[in-house]
Amino acid sequence: MDKLFSAILCLFAFTCCFPHMISCNISCLPHERDALLSFKNELHHPFLWQGFNCCDWRGVECSSHTSNVIKLHLANPSESVEDYWSSEGNGRLTTDLFQLKQLQHLDLSFNHLTGVLPKGLFALQELRHLDLSFNHFEGEIPNHFVSLHKLAYLNLSMAGFNGTIPYQLGNLSQLAFLDLSRTYVSEFRIRYFFGPISYSPSLVWTEKLRKLKYLSLSGVVLNMTGKQLEGPLSHLHNLQHLHLEDCMLSGHIPNAIQNLTFLSHLELGHNNFEGSMPLWLGNMTRLVSLSFFGSQLNGSFPLSLSHLPTLKELNLGGNKLLSGNLSQILCGDWSQLTVFILYESSVIGSIPSCIANISTIVTLDLGSIKKMGGFIPSVIGNLSNLQNLNLGGNLLEGEIPSSLGEMSSLTILFLFDNMLSGNIPFQLGKLSSLEYLWLDDNQLNGSIPNSFMNLSSIEEINLFSNNLQGNLFLSFFQNLTTISTLDLSNNELTVIIESDWIPTIYFEDLNLASCNISGIIPPFISTQYRLTNLDLSNNSMFGNIPDWLGMLPNLYNLNLSHNILEGLVPYSFNISNFNLLDLHSNKLQGPLPISSMSLGLQLLDISQNEFKGSIAVDIGNLLPNIQFLSFSANDLSGEIPSSIGLLQQMEVLDLSKNKLSGKIPSSITNCSVLKRLNLANIGLIGEIPYNIGMLSSLGSLHLNGNMLKGNLPSSLKNCSSLQILDLADNLFYGNIPLWLGQFSELMILVLRSNKFEGHIPHQLSNLSSLHVLDISHNSLIGGIPPQLATLISMRNSTLGISHGNGGSSYYYYKEGIQVFNKGLKMEYVSSVMLLITCIDLSSNKLSGNIPPAIGNLKGLHTLNLSDNRLTGEIPSNFGMLKELESLDLSNNKLHGKIPNEMLQVFSLSFFIVSNNTLCGKIPEGNQFNTFNSTFFSGNPYLCGFPINNKSCRCGERSSSNMPTPLPEKEDDGVEIPWHWYVEWMASAAVGFWGVFGILAIKRQWRRKFIQVLDEMVINLLNGLINR
């Protein structure tokens, strides 16, 4: 029996295997072979097909019964998503392929096919599996797909289709797999969007797809609420995979999902959901992967997720309002977890030692959790399966645990942007699988470990912005043959590059800024043919720029700024492929290095050199793609050419500090995306172009230090995005426009040293973002508007000002302003400029009392009201100005005592009240013990340290006894009406006899009057002497 059973078993096995055994003897049909050979030329990566029998060719499978081709696996095996992103379509889906009438399986993914899908495709009635993903097809998805009634698998992801998804797809009742997505997220969370936008106004068409197990519409614009999804989802009972990322979904997460009992993969990230994560997620026991990345969820982290028995991947990162305690979260029962992402959430606490219990973890991303601090526990080194670790962008402190060197599987280690200190542990050199090492933006010190020479798989090393020290030979990295990125910038290293070094490594990105490199530009760079980004800025390199530098074939970004380079810019730069060229702060000479070969330049900064000559008349044609252009601080002459208006992509233009002349060309208003315009200190005349308001994206306008005149054009109010407006040191006149109060984003307003007149408009108080107001040295009259005390940005002790979020060329720009502080003109540049708060109303003709409400501006650093005609007392609540560093009230008509409350302003280092009529004792103690006597001069009734006056007769000089000055005639030529003289003379007559009549009778009163008169004469004489 045993032998008989064995014989039957062998016969059964032979029968089952026979079709496969004879497949090698199948000969394909000639017309199908010819069709395949014809179509092969359309493939992006043609297969090497050899021999006569097409059934033996790679990717081709024939029927064992009919010899017809039934399966084609022609996906490009060497293509990646990133490759697809950077390439364009070339081949086409030709009609030759449609001769394969029995084709059941067709995979043409990653072949860069283009054009419209031919109708012949839909004649392949036997198709069950169709994959056209990652191609470049055109037009909408054809509704002819409905004719492929046997189709069970359809993948059109990233295939290039646009428009509305045809509802007829809902008639493909056999579909089990449907992917129409157009997004892809890389391992670094880079989101790729492919092709134009697709829409689906409704998902009702999916209700007939009862066999559907996999549905992906990620990147398709659904624009639906969770409630609107309830109906369609309730019919998809067999669904196992649901991917609806980037679909513009809103409202609450649809409850119908909890009824999808077979669901294993749920991805709803990058939407705009409301509320917290539903509790029923903890009951979906078949979940393997769950993602709500960047979905605006709030509330607490659902701890019940840790009890899901099959959960392997959990991505809840990018939900900035998702809270919880990190220890409670990580100490859950995550027995199967391989991916855990909480990037950019609001959980708090430190990394607990129980993290070592998640032994299956492969990817751990706890980056950019701003409230996560403490130390990195050494037990983290026990996670032997961990491949990707991101702890960057937190508040971690202490040393890097040496146990990290035991994680033999680690390929990505991100610890950047923390407060880590100490030496880099040499054990990291044992990580032979490590590809990406980012330790930048910490407080690490010591030298780079010698063990780094053993990082045999390393591709990127980022160590910039630390305190690393010592001498480092660049040949140290000679054996790291896989390295492509090296950034050692902004440390205390001295990088030594041997002049005869011939490297065997080839960088793509090399940043050695601030590395104390001296001598000429290193010759070894001439061998770096793969180099795309090179930064040698802020070193001590001298000599000429070598001609070969512009001949490196792949060099796109070059930064040589802040060196001592001299001579001419090489001609080879004119034929280079540069996108970014930064040569500022050197000693380069000659004409501007611009020619007709500079067409690709997007950023050009040659400021602070010694270039001469004029700006090319046709500059608008020479730099058509320029986004950032700075010629500042050179020796340029001539006028600004009108062709500047052709630079339609320009976001930053800085021509300041040159010797240009003429007017601002009106064509500049054609630069519609201009965000930063600096034409300061170049000798311009005329008026601001009347249509300046066409620059609606303008964020800063610097026209200071010219000879511009006229009223401010009303169209300027259309520049609603203005953050900085500096018109100082010009000849502008008229009233300060009321519409200046409409700029809600304006942070800095400087109108100093012009000819503005009239009152200070109270509408300036509407500038909610303002923190620098300088309208000094004009002819303004009237009182200080008390509404200025409502300036929101000055009422807060912490500004919290942001200057952009990156991603655009103008964030590269470092601009500055000049304001008077502590009696000196100071220049504040870049981020420092955004940290000062200042009000300067000095050198006008302002009168009246100082509004006490100014004391509410608790964030104020500098207040200058000097050289006006202010009266009254110094408000006592100035003691509330806790951030105040400089207060200048000199050369006014203030009286009364210096408030003792000023002793509480501990930050005050400059306090000048000279040439007023203040009295009483100067407050003693704290910062007042450091002030110079000149700060108080010209106040004869002040006494105490640091002046020598002995008279403190403030009590006898009450404000009621102060002489009232006669009305002063304004310097603006306004004539006093004649009836004022009549009224004044009548009043004087009454006053004269009312006073002197009594003095003639009362002898005691007469003596007192003479005593007071003597004091007045003495005060007058002292005042004249002090002036």
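Residues numbered from 1 in each chain as written. Predicted model: local features only at pLDDT ≥ 70, side-chain atom pairs only at ≥ 80, totals over all residues. Heavy atoms only, no water.

> In this structure, what is going on with unusual backbone geometry? I would like to understand it.
Residues apart from glycine generally show negative phi values, whereas peptide bonds are mostly found in trans. The omega torsion of the bond from F945 to P946 falls at 15°, within 30 degrees of zero and hence cis. Structurally, P946 is set in the loop between strand 71 (941-943) and helix 9 (978-1001). Of note in this structure, Q296 is not a glycine but carries a positive phi near 65°. Inspection of the secondary structure puts Q296 in the loop between strand 19 (289-291) and strand 20 (298-300). Given the relative accessible area of 47%, Q296 is considered partly exposed. A positive phi angle is found at S843, which is not glycine, with a value near 55°. (Helix = DSSP H or I, 4+ residues; strand = E, 2+ residues; numbered from the N terminus. Buried < 20%, exposed > 50% of the residue type's maximum accessible area, 1.4 Å probe, protein only.)

> Any chance you could explain the sheet that holds strand 68 (residues 895-896) here in plain terms?
Hydrogen bonds between backbone groups are what pair the strands of a sheet, and the pairing can be parallel or antiparallel. Pairing is parallel in the open sheet, where three strands are placed in the order 68-70-71. Strands with a single pairing partner mark the edges of an open sheet, and in this sheet they are strand 68 and strand 71. As defined by bridge partners, strand 70 (residues 917-921) adjoins strand 71 across three bridges and the pair is classed as parallel. Bridge pairing in strand 71 places G920 opposite L942. (Pairing = 2+ DSSP bridges.)

> Looking at this model, I keep getting lost on the pairing of strand 62 (residues 824-829). Mind explaining?
Along any regular strand the residues' side chains alternate between the sheet's two faces. Pairing between strand 61 (residues 816-821) and strand 62: six bridges, direction antiparallel. Residue pairing for strand 62: I817 is matched across the bridge by Y828. Where strand 61 hands over to strand 62, the hairpin turn is made up of two residues, of which K822 adopts a positive phi near 60°.

> Sorry if this is basic, but what is going on with the state of the cysteines here?
According to the stated counting rule, one finds three disulfides in the structure shown. Covalent S-S linkage joins C28 and C54, the inter-sulfur distance amounting to 2.1 Å. Residue C28 is found in the loop between helix 1 (2-22) and helix 2 (30-40), and its partner C54 is found in the loop between helix 2 and strand 1 (60-62); the two are separated by 26 residues along the sequence. Here C28 and C54 have matching classes, each one buried. In this model C331 forms its disulfide with C354; the gap between the sulfur atoms is 1.8 Å. Taking the sign of the S-S torsion, -90° for the link of C331 and C354, the bridge is left-handed. (Disulfide = S-S within 2.5 Å.)

> What should I look at first to understand the nonpolar core in this one?
Membership of the largest hydrophobic core comes to 263 residues, with the highest contact counts inside it found for L121, F340, L342, L488, L549, F631 and F936. Residues in contact with F631, not counting those within four places in the same chain, are L592, I594, L604, I606, S607, I615, I619, L636, D654, L655 and N658. By size, the runner-up hydrophobic cluster in this structure holds 13 residues, among which are V750, Y828, M833 and L834. (Core = buried A, V, L, I, M, F, W, Y, C linked by side-chain atoms within 4.5 Å. Contact = heavy atoms within 4.5 Å.)

> Teacher, can you tell me more about the sheet that holds strand 60 (residues 779-782) here?
Ordered in space as 52-54-56-58-60-64-66, the seven strands form an open sheet in which the pairing is parallel. Of all strands in the sheet, those bounded by a partner on one side alone are strand 52 (685-686) and strand 66 (869-871). Strand direction decides the pairing type here: strand 64 (residues 845-849) and strand 66, joined by three bridges, are parallel. The partner of G848 across the bridge, within strand 66, is L870.

> What should I look at first to understand the packing of aromatic side chains in this one?
Aromatic ring pairs: the centre-centre distance and the angle between the two ring planes describe each pair. According to the stated counting rule, one finds 25 aromatic pairs in the structure shown. On the numbers, 6.4 Å between centres and 70° between planes, the contact of F301 with W334 is edge-to-face. Of this pair, F301 sits in the loop between strand 20 and strand 21 (313-315) while W334 sits in the loop between helix 5 (326-330) and strand 23 (339-341); the two residues are 33 residues apart in sequence, bridging distant segments of the chain. Among the aromatic residues, those joined into a cluster by ring pairs are F910, F911, F928, F931, F935 and F936. (Phe/Tyr/Trp six-rings, centres within 6.5 Å; stacked < 30°, edge-to-face > 60°.)

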